[in-house]
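Here is how the chains run, residue by residue.
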Amino acid sequence: MRRRRLKYNLVDKLFRDKDYKFAILQVPNVPLCLWAAAALGAHFLPQASWRHASGWVATLALLIWSLLEIYNGASLFRRLVGAGVLLAIILNRI
């Protein structure tokens, strides 16, 4: 039996994973949950030192998430989003 060869176009390359499933969104993982909690803490904590520390934790969690997406992202789109977030973190901290 001959297998049909799938034709990849740009949308497929961006949004499909190696199993040809759409891989745009997924359940948030630990670094994203930590980032969300720390970012909220950075806005609502009463002491300035806690807000500052919480902001750094949020940045570090987002940095880890972006590196994980760049190296282990399921699709090209997710890798590009990780690279964009990494670039934004670097530009924001300069």
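Because the structure is a prediction, the values reported are computed rather than measured.

Peer 1: Hey, could you run me through helix α3 (residues 48-72) in this one?
Peer 2: Quick reminder: α-helices carry 3.6 residues per turn. Residues three or four places apart thus point the same way. With 25 residues, α3 extends 36 Å from end C-alpha to end C-alpha; this agrees with the ideal 36 Å at 1.5 Å per step. Turning to α3, its buried residues number three or more, namely S54, G55, A58, T59, A61, L62, W65, S66 and E69. Check the buried side of α3 and you find it contacts α2 (30-44) and α4 (76-93).

Peer 1: What exactly am I supposed to notice about the pattern of salt bridges here?
Peer 2: Per the counting criterion, the structure on display carries 1 salt bridge. Taking the shortest distance from any N to any O, the salt bridge between E69 and R78 comes out at 2.7 Å. Of the two residues, E69 and R78, both sit in the buried class.

Peer 1: Please explain the packing of α2 against α3 as it appears in this structure.
Peer 2: The relative placement of two packed helices comes down to the angle between their axes together with the axis-to-axis distance. One can describe the packing of α2 onto α3 by two numbers: an axis separation of 8 Å at closest approach and a directional angle of 155 degrees. By the angle class used here, α2 and α3 are roughly antiparallel. Judged by the twist between their axes, the crossing of α2 over α3 is left-handed. For the pair α2 and α3, the contacting residues are P31, L32, L34, W35, A38, A39, G41 and A42 in the first and R51, S54, G55, V57, A58, A61, L62, I64, W65 and L68 in the second. When its residues are assigned to classes, the contact of α2 with α3 shows 14 nonpolar, 3 polar and 1 charged.

Peer 1: Just to check I follow, could you spell out the environment of I89 for this structure?
Peer 2: Checked against the element boundaries, I89 lands in helix α4. When its relative accessible area of 11% is taken as the criterion, I89 is described as buried. The spatial distance from the C-alpha of I89 to the C-alpha of L62 is 8.3 Å, given a sequence separation of 27 residues. With sequence-adjacent residues up to four places away left out, I89 is seen in contact with T59, L62 and L63.

Rules used throughout
Residues numbered from 1 in each chain as written. Predicted model: local features only at pLDDT ≥ 70, side-chain atom pairs only at ≥ 80, totals over all residues. Heavy atoms only, no water. Helix = DSSP H or I, 4+ residues; strand = E, 2+ residues; numbered from the N terminus. Expected span 1.5 Å × (residues − 1). Buried < 20%, exposed > 50% of the residue type's maximum accessible area, 1.4 Å probe, protein only. Contact = heavy atoms within 4.5 Å. Salt bridge = Lys/Arg side-chain N within 4 Å of Asp/Glu carboxyl O. Axes fitted to C-alpha atoms, helices over the stretch in contact; angles between N-to-C directions. Parallel < 35°, antiparallel > 145°, perpendicular 65-115°, else oblique. Left-handed = near helix turned anticlockwise from the far one by under 90°. Nonpolar A, V, L, I, M, F, W, Y, C, P; charged D, E, K, R; others polar.

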